[in-house]
Amino acid sequence: MKQIAIVGAGTMGLGIAHIMAQYELKVSLIDLSEEILIESKKIISTNIDRQIRKGVIKDEQKKYILSNILFTKELKESVENADLIIEAVHENFELKKKIIRDLDSMCKGDVIISSNTSSLSISSLADKTLYPERIIGMHFMNPVPVMPLVEIVVGSTTSEKTIDQTKSLATKINKIPLVVKDSPGFVSNRILLPMINEAIETLSQGVADVYSIDQIMKLGMGHPMGPLRLADLIGLDVCLSVLKVLENGFGDKKYSPNQLLVRMVEKGNLGYKTKRGFYGYDKDVKNPYPIKFYI
Ligand SMILES: NC(=O)c1ccc[n+]([C@@H]2O[C@H](COP(=O)([O-])OP(=O)(O)OC[C@H]3O[C@@H](n4cnc5c(N)ncnc54)[C@H](O)[C@@H]3O)[C@@H](O)[C@H]2O)c1
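It should be emphasised that the depicted structure is a prediction, and the values quoted were computed from it without experimental measurement.

Next up on the list: the overall build of the protein chain. A tally of helices and strands in the protein chain yields 12 helices and 10 strands. When its C-alpha atoms are laid out on the principal axes, the protein chain stretches across 55 × 50 × 35 Å. When burial is assessed residue by residue, the protein chain has 49% of its 295 residues classed as buried. Sequence separation of at least 24 residues holds for 66% of the intrachain contacts in the protein chain that already meet a minimum separation of 6. As presented, the protein chain carries roughly 14,700 Å² of accessible surface, and 54% of it is formed by carbon and sulfur atoms.

Okay, here's the thing in structure tokens:
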């Protein structure tokens, strides 16, 4: 595989583009507006600078990585010759389904179409497409350039060839692919999101504040980041969507999203990407301050 198209240049799409370009693949990164694409390029550039400071890559690689990425609004011409397409738009079933169906008829027959969905059914996304055997889940972790895992999600119609090619691409970009069955939240989010929801419930009940909850999980359980800070990093809208998928998929109220989470999303406080969630990021992005919740 040489030519990659990524649909959606948000948090995940730009991270996936960055890592693909770093490993010598040509990438088209597609989004709806110039403003979003300019912002994405800025963020990738900052993230490359961080890698240079940490000694992960050399100074001179920056230009090369950026030159491997075409930032574009043109979907059709970007996907026509792609070997792999990764959709990384919002976690919304109807939107993803429409994009995958459109792509299915736009690109060549042997392309692999993958979804970076955090929780939605790959089998349902593949349903009624022209070539359901080429549709697969590639669930990258955030931040993509740093996290080694790609959860490879196999739908009911995904072919062995698609699985093998996807795994070898993941290995080429220095990730570790682990194959899981198509089930709500897969493995990662089925286990992670109930923990985040419980942390929010604990906060809502006034058991402890944001700082203490996160520190307890860091210092006591060895987690590199507390669950509330992690929720901010993932995006509270994404957390809410995944919990709804788990609740509906398993028909079990134990996954019901906490009401504080619902209210925060309604207010547009989505975490790091909006500069406010369980922490405020408006003063110093690297040292966000915990928000005081009056329960
Ligand atoms: N944020 C995380 O930590 C995380 C981790 C793993 C997987 N995911 C999954 O990755 C996907 C993307 O999440 P995100 O956090 O990057 O979202 P995001 O909101 O940061 O970005 C989504 C992008 O998709 C673009 N988009 C929407 N419709 C489009 C269209 N028709 N054509 C082109 N672009 C379009 C939007 O303009 C936006 O820039 C979701 O499915 C999410 O569940 C997220």
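The next thing to look at is the sheet that holds strand S1 (residues 3-7). The sheet built from 8 strands is open, its strands ordered S3-S2-S1-S4-S5-S6-S7-S8 with mixed pairing. Edge positions in the sheet fall to strand S3 (69-72) and strand S8 (176-181), since each has one partner strand and no second. Geometrically, the sheet is characterised by an average inter-axis angle of 25 degrees between neighbouring strands, direction not taken into account. Where strand S7 (residues 149-154) and S8 come together, 6 bridges link them in parallel fashion. Across the sheet, Val154 pairs through a bridge with Lys181, a residue of S8.

Time to look at the domain arrangement of the protein chain. Structurally, the protein chain comprises domain 1 (3-181) and domain 2 (193-285). The distance between the C-alpha centroids of domain 1 and domain 2 comes to 26 Å. Counting from both sides, the interface comprises 7 residues of domain 1 and, opposite them, 7 residues of domain 2. For the pair domain 1 and domain 2, the summed buried area comes to about 520 Å², and 64% of that belongs to carbon and sulfur atoms. Three residues stand out in domain 1 for area buried against domain 2, namely Glu91, Ser119 and Asn142, and they jointly supply 62% of the buried area on that side. Our count for the domain 1 to domain 2 interface comes out at 0 salt bridges. The interface formed by domain 1 and domain 2 contains 1 residue pair in polar contact (both at pLDDT 80 or more). In terms of residue class, the side of domain 1 that touches domain 2 is made up of 2 nonpolar, 4 polar and 1 charged.

So, on to helix H8 (residues 188-204). For H8, spanning 17 residues, the distance from its first C-alpha to its last is 24 Å, which sits close to the expected 24 Å at 1.5 Å a residue. Ser188, Asn189, Leu193, Ile196, Asn197, Ala199, Ile200 and Leu203 are the residues of H8 that are buried. For H8, the buried positions fall inside an angular range of 155 degrees around the axis, keeping them on one side. On its buried face, H8 sits against strand S6 (135-140), S7, helix H9 (210-221), helix H10 (227-234), helix H11 (236-250) and helix H12 (259-267). The positive-phi residue at the C-terminal boundary of H8 is Gly206, with phi of around 70 degrees.

The next thing to look at is the site of the ligand. Taken together, 25 residues surround the ligand, and among them Asp31, Glu91, Lys96, Ser118 and Ile234 come closest. Met12 is positioned such that a nitrogen or oxygen atom in its backbone is 2.8 Å from an oxygen atom of the ligand. For the ligand, the accessible surface in isolation is 830 Å², of which the surrounding protein chains cover 89%. Going through the elements one at a time, helix H1 (11-22), helix H5 (93-106) and S6 are the ones with two or more residues in the shell around the ligand. When residues in the shell around the ligand are grouped by element, the largest group, 3 residues, is from H5. Here the residues of the shell around the ligand sort into 12 nonpolar, 9 polar and 4 charged. Each of domain 1 (3-181) and domain 2 (193-285) contributes no fewer than three residues to the shell around the ligand.

Turning to the pairing of S1, a few remarks are in order. Among the 5 residues in S1, 4 count as buried, and that is most of the element. Where S1 and strand S2 (residues 26-30) come together, 5 bridges link them in parallel fashion. Each residue of the ladder has a partner; that of Ile6, found in S2, is Leu29. With H1 bridging S1 and its parallel neighbour S2, the resulting β-α-β unit is right-handed. As paired strands, S1 and strand S4 (residues 84-87) are joined by 4 bridges and run parallel to one another. By the bridge assignment for S4, Ala5 is matched with Ile85.

With that settled, consider the side chain of Thr158. By the secondary structure assignment, Thr158 is in the loop between S7 and helix H7 (160-172). Filtering out sequence-adjacent residues up to four positions away, Thr158 remains in contact with Pro132, Glu133, Ile135, Ile136 and Ile163.

Reading the values: rules and limits
- Residues numbered from 1 in each chain as written.
- Predicted model: local features only at pLDDT ≥ 70, side-chain atom pairs only at ≥ 80, totals over all residues.
- Heavy atoms only, no water.
- Helix = DSSP H or I, 4+ residues; strand = E, 2+ residues; numbered from the N terminus.
- Buried < 20%, exposed > 50% of the residue type's maximum accessible area, 1.4 Å probe, protein only.
- Contact = heavy atoms within 4.5 Å.
- Areas by Shrake-Rupley, 256 points an atom, 1.4 Å probe, with all protein chains shown as cover.
- Pairing = 2+ DSSP bridges.
- Axes fitted to C-alpha atoms, helices over the stretch in contact; angles between N-to-C directions.
- Domains from an automatic or database assignment.
- Buried area = accessible area lost by both parts, 1.4 Å probe.
- Salt bridge = Lys/Arg side-chain N within 4 Å of Asp/Glu carboxyl O.
- Polar contact = N/O pair within 3.5 Å; in protein donor to acceptor, adjacent residues only side chain to side chain.
- Nonpolar A, V, L, I, M, F, W, Y, C, P; charged D, E, K, R; others polar.
- Expected span 1.5 Å × (residues − 1).
- Arc of directions from axis to C-beta.
- Near = heavy atom within 4 Å.
- Right-handed = clockwise from strand over helix to strand, strands pointing away.

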